[in-house]
Amino acid sequence: MAGQIDRLILPRWALDVCVSGIGSRPRQQAVLDWVCQGCPDGVWPDSTYKVSAQALQSRGLIKVTTRRGYWSAQLTDTGREYLANGATSSREHSGEVPEASGGTLTLPYAQSVAKARTNYTDQLLEELGANNNFLVKPVESGPHAVNWASRVSAARKSGKIPHTQELRGKQTHRGYAIKLTDIPAWRLAALTPAIVPARLTQPHAVVAALQEQPHRMELTKSVYGRALRIIQALVTATESQGHTAALGPTQTTPPPRHRRKAAPHFTVTAHGENIDVLVLQEQDHSKHMPTDKERADATKHTWMRIPRFDYTPANRLRFILRGGTAHRGSEWTDLPGRPLQDQLAEITQEVELRGEAAERNRRADKQAQDAAQQSWESAVHKAHAAYTHAYRVKHLEEQARHLAPDRASDRIRHSSAQPRHITATQAGKGRDRGVARVRRRAPPTAHRVRLGAETAHSVAAQQLRS
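Residues numbered from 1 in each chain as written. Predicted model: local features only at pLDDT ≥ 70, side-chain atom pairs only at ≥ 80, totals over all residues. Heavy atoms only, no water.

K.L.:
Please clarify how the overall build of the protein chain should be interpreted in this entry.
P.N.:
Along the backbone of the protein chain there are 14 helices and 10 strands. Split into buried and exposed, the 466 residues of the protein chain put 33% on the buried side. When contacts within the protein chain are restricted to residue pairs at least 6 apart in sequence, those whose partners lie at least 24 apart make up 61%. As displayed, the protein chain offers around 29900 Å² of accessible surface, 53% of which is attributable to carbon and sulfur atoms. (Helix = DSSP H or I, 4+ residues; strand = E, 2+ residues; numbered from the N terminus. Buried < 20%, exposed > 50% of the residue type's maximum accessible area, 1.4 Å probe, protein only. Contact = heavy atoms within 4.5 Å. Areas by Shrake-Rupley, 256 points an atom, 1.4 Å probe, with all protein chains shown as cover.)

K.L.:
Help me understand helix α9 (residues 205-212) in this model?
P.N.:
Three or four residues apart is the spacing at which side chains of an α-helix point the same way, because the helix has 3.6 residues per turn. Those residues of α9 not exposed but buried are V206, V207, A209 and L210. For α9, the angular spread of the buried residues around the axis is 160°, confining them to a single face. The outward face of α9, more than 90 degrees from its buried face, is lined by the exposed residues A205 and E212. Turning to α9, the residues buried within the fold contact α10 (221-240), β6 (244-247) and β7 (266-270). (Arc of directions from axis to C-beta.)

K.L.:
Sorry if this is basic, but what is going on with unusual backbone geometry here?
P.N.:
Glycine aside, residues mostly have negative phi, and peptide bonds are mostly found in the trans state. Even without being a glycine, C39 presents a positive backbone phi close to 55°. Topologically, C39 is positioned in the loop between α3 (26-36) and α4 (49-58). On the basis of relative accessibility, which here comes to 18%, the residue C39 falls in the buried class. The backbone phi angle of E218 is positive, close to 55°, even though this residue is not glycine. Of note, E218 is situated in the loop between α9 and α10. By relative accessible area, which is 42% here, E218 ends up partly exposed.

K.L.:
Would you mind showing me how to read the sheet that holds strand β8 (residues 273-287) here?
P.N.:
Within a beta sheet, neighbouring strands are joined by backbone hydrogen bonds and run either parallel or antiparallel to one another. An order of β6-β7-β8-β9-β10 is seen for the 5 strands of this open sheet, with the pairing classed as antiparallel. Two strands bound the open sheet, and with one partner strand each, they are β6 and β10 (331-333). Across the sheet, the mean angle separating the axes of adjacent strands is 35° when strand polarity is ignored. Contacting β6, β7, β8 and β9 (309-322), α10 crosses the sheet at an angle of about 10° to β9. (Pairing = 2+ DSSP bridges. Axes fitted to C-alpha atoms, helices over the stretch in contact; angles between N-to-C directions.)

K.L.:
Before we go on, may I ask you to explain the pairing of strand β2 (residues 70-75) in this structure?
P.N.:
It is a general feature of regular strands that their side chains alternate between the two faces of the sheet. Residues W71, A73 and L75 of β2 are buried on one face, while the alternating residues Y70, S72 and Q74, pointing to the opposite face, are not. The pairing of strand β1 (residues 62-67) with β2 spans 6 bridges and is classified as antiparallel. Bridge assignment links R67 to a residue of β2, and that residue is Y70.

K.L.:
Got a minute to help me understand the packing of α3 against α4 in this structure?
P.N.:
Two numbers describe a pair of packed helices, the interaxial angle and the distance between the axes. α4 packs onto α3 with a crossing angle of 85° between their chain directions and a minimal axis gap of 9 Å. For the element pair α3 / α4, the angle class is roughly perpendicular. Seen from α3, the contacting residues are R27, Q28, V31, L32 and W34; seen from α4, they are Y49, S52, A53, A55 and L56. Class assignment of the residues belonging to the contact of α3 with α4 gives a composition of 7 nonpolar, 2 polar and 1 charged. (Parallel < 35°, antiparallel > 145°, perpendicular 65-115°, else oblique. Nonpolar A, V, L, I, M, F, W, Y, C, P; charged D, E, K, R; others polar.)

K.L.:
Any chance you could explain the sheet that holds strand β4 (residues 165-171) here in plain terms?
P.N.:
Taking strand neighbours across the sheet as the criterion, the 3 strands line up as β3-β5-β4 in an open arrangement whose pairing is antiparallel. The sheet is open, and its two edges are formed by β3 (134-137) and β4, each paired on a single side. Each strand of the sheet is rotated relative to its neighbour by a mean of 15°, with strand direction disregarded. Sheet topology note: the β4/strand β5 (residues 176-182) ladder contains 7 bridges and is antiparallel. Residue pairing across strands places L167 opposite L180, the latter belonging to β5. Its contacts with the sheet put helix α7 (residues 148-157) on β3, β4 and β5, and the angle it makes with β4 is roughly 170°.

K.L.:
Would you mind going over the nonpolar core with me for this structure?
P.N.:
In summary, soluble globular proteins display a tendency toward joint burial of nonpolar side chains. One finds M217, L219, I231, F266 and F319 to be the most contacted residues of the largest nonpolar core, which totals 30 residues. The greatest single-element share of this core, amounting to 9 residues, is contributed by α10. Of all hydrophobic cores here, the second largest spans 19 residues; its members include Y49, L56, V64 and A73. (Core = buried A, V, L, I, M, F, W, Y, C linked by side-chain atoms within 4.5 Å.)

K.L.:
Even after reading the chapter, I still don't get the packing of α9 against α10, so can you show me in this structure?
P.N.:
Direction vectors running N to C along α9 and α10 enclose 160°, while the axes themselves pass 9 Å from each other. Considering the angle they form, α9 stands roughly antiparallel to α10. Considering how the two elements wind past one another, α9 and α10 form a crossing that is right-handed. Contacts between α9 and α10 involve V207, L210 and Q211 from the first element and Y224, L228, I231 and Q232 from the second. Classifying every residue of the contact of α9 with α10 by side-chain character gives 5 nonpolar, 2 polar and no charged. (Left-handed = near helix turned anticlockwise from the far one by under 90°.)

K.L.:
What is the right way to read α7 from this model?
P.N.:
Inspection of α7 places W148, R151, V152, A154 and A155 among the buried residues, and these make up the whole buried set. Projection of α7 onto a plane perpendicular to its axis shows the buried side chains occupying an angular sector of 160°, all on one side. Of the residues that open α7, the one with a side-chain oxygen 3.3 Å from the backbone nitrogen of A149 is N147. At the C-terminal side of α7, G159 shows a positive phi close to 80°. (Polar contact = N/O pair within 3.5 Å; in protein donor to acceptor, adjacent residues only side chain to side chain.)

K.L.:
Help me out: how do you make sense of the environment of L61 in this one?
P.N.:
The residue L61 is located in the loop between α4 and β1 in this model. Here L61 falls in the buried class, since its relative accessible area comes to 0%. The spacing of L61 and L83 is 22 residues in sequence and 9.6 Å in space, taken between C-alpha atoms.

K.L.:
Can you walk me through the pairing of β3 in this structure?
P.N.:
Here β3 shows one buried face, formed by L135 and K137, and one open face, formed by F134 and V136. Of the pairings in the sheet, the one linking β3 to β5 comprises 4 bridges and is antiparallel in character. Its bridge partner being in β5, V136 is matched across the sheet by A177.

Now the structure itself:
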């Protein structure tokens, strides 16, 4: 209906029928004004405005388009005529007076929506600043639920985020995580563009080897010469930074579905890290029209499948980097308005970044190994000291056990040399004092000392009897 109304010039009575009821619905009027402004992001807190947009589309005032999940709306000729003339008539019928002229209505509701649009971004940035630049918002459902992804997108487009920072949003199991992070310095660095030669007058050794073996590239003639010139520029730019380039290993033709896993055409060594580079030719696909033979074979053999698409080589190239830690990415291809030669500066920087990251990782591993070795040597030294101390203690205890019986026998001999006129009472007191003395002096061998004292007492008693 909307498409037909765009091509018609409606009379006044038809316009009144189309816009009847809008003057009494400020929500639809606000949505219509929003569409007239180009549908800026961050205005609506939820997606309920789409219901009003459908109502406006049914009246022929706007046209809603949904393609690949992207929602958009545009004014029709009827909507423009309503904003220019019909809105005044509808407000006169309702007894309202327009607040602004010039074809655009300014309603109190629209003013509050515009004010909320600016406050959403400010409020989000204030909350991030108060929470160490990290927030986790709960994800709710319902018509009044907050779309945090839309608010993050609106904040990015607001221009209020510093150029050295970026706002990230991610759905997690705890909720929607929002983080304001600093942009790495390498992303802010100014890159020097690489110059692609118009002709290969002095090709690099790698390029010369690829020229002698054109089958290694597996490219059509339409892109073969351009691919060699881009490789020449890339190798020259990397060698100017102190890196080296060498021809890749001899490769066999992989199946089409495994093209990305083929052997590299050449390798760049940056800070001791080998980075493989593979050059591929993009392919365009079109719908396959099955032939009579394919239909007959598919009917005869159940295991046969008719292909869905036909693939033809395109005049686009793709560079794939393998090895090291990716920073900007791992693949670069020709894009509309941005050919591959304009992206060589990023590829050169990626090679340098991967080499530096590998060097840092090697240094960190070396430091970790040195720390582990020092910890091991310290543990071994402590173990040796503990073993030496335990051995000495054990040896001293053995010496103490050997010396205790000798001391007891010396006491026995000394007591036997005393005069025989010792009374039994004196002998008993001496025995008690000797036992107590031995117990105090030799606690580890108390049992043996008691045995020796009892033996000495029995010998002294026998001497007295005799």
